[in-house]
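# Architecture at a glance
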Amino acid sequence: MLSADFKSISDLKEAFPDEQSCIEHLERLRWNGLIVSPFDPNSKVYHCKQNRYRCRNSRKYFNVKTNTLFYNSKIELQKWFVAIWLITHENRTISSIELSETLEITQKSAWFMIKHIRHYFEFEKNSGEKKKLKEKKKKIDEIEVVIEKDRLQLVEWLKQLKK
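Residues numbered from 1 in each chain as written. Predicted model: local features only at pLDDT ≥ 70, side-chain atom pairs only at ≥ 80, totals over all residues. Heavy atoms only, no water.

### Overview of the packing of aromatic side chains
One pass over the structure, following the stated rule, counts 10 aromatic pairs. Ring geometry for Phe39 versus Phe62: centroids 6.1 Å apart, planes at 75°, classification edge-to-face. Of this pair, Phe39 sits in the loop between helix H2 (19-30) and strand S1 (45-47) while Phe62 is found in strand S3 (residues 61-62), placing the two residues 23 residues apart along the sequence. Exposure remark for Phe39: the relative accessible area of 34% places this residue in the partly exposed category. The structure contains a cluster of three or more aromatic residues connected by ring pairs, namely Phe6, Phe16, Phe70, Trp80, Phe81 and Phe112. Lying over the aromatic face of Tyr61, Arg52 brings its terminal NZ or CZ to 4.3 Å of the ring centre. (Phe/Tyr/Trp six-rings, centres within 6.5 Å; stacked < 30°, edge-to-face > 60°. Helix = DSSP H or I, 4+ residues; strand = E, 2+ residues; numbered from the N terminus. Buried < 20%, exposed > 50% of the residue type's maximum accessible area, 1.4 Å probe, protein only. Lys NZ or Arg CZ within 6 Å of the ring centre and 35° of its normal.)

### Considerations on helix H4 (residues 96-103)
Of the residues making up H4, those classed as buried are Ser96, Leu99, Ser100 and Leu103. The buried residues of H4 occupy one face: seen down the axis, they fall within an arc of 100°. Exposed side chains of H4 directed beyond 90 degrees from the buried face belong to Ile97 and Glu101. In the stretch just after H4, Glu104 is the one whose phi turns positive, near 60°. (Arc of directions from axis to C-beta.)

Next up, the structure:
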């Protein structure tokens, strides 16, 4: 999500100085100029005020944070970006107390962020592993088909030898 070009928190804050720049970055990452409704991918989308959009078919409002890690969070996106960078960049684990002091938020909010970020990245890792397992299962199925064909050919060959 965040580029590895950032060497420090100040670099990250300089790249994303306010909430609007964070929202624009998320929109580029998520939609790349083609906004799609999370409620109906085939629906027309209307641009509304305050970075909101409206799905024509479902008539529901949404924004770039809908159905993401940041959904319904009152914590600023810049703080989320810093937390993600700290958690994914550091080789050691970061405590909620340390994160709360760095971001100037409560320890409870920092704990909430760490929990959600770790859960999100664990889900991404597990979904990649599931794809690998599906590919392995497909290869096993293909091998079983080949073995079955070889077995049938062997049975046919044995029948011919008996004659």
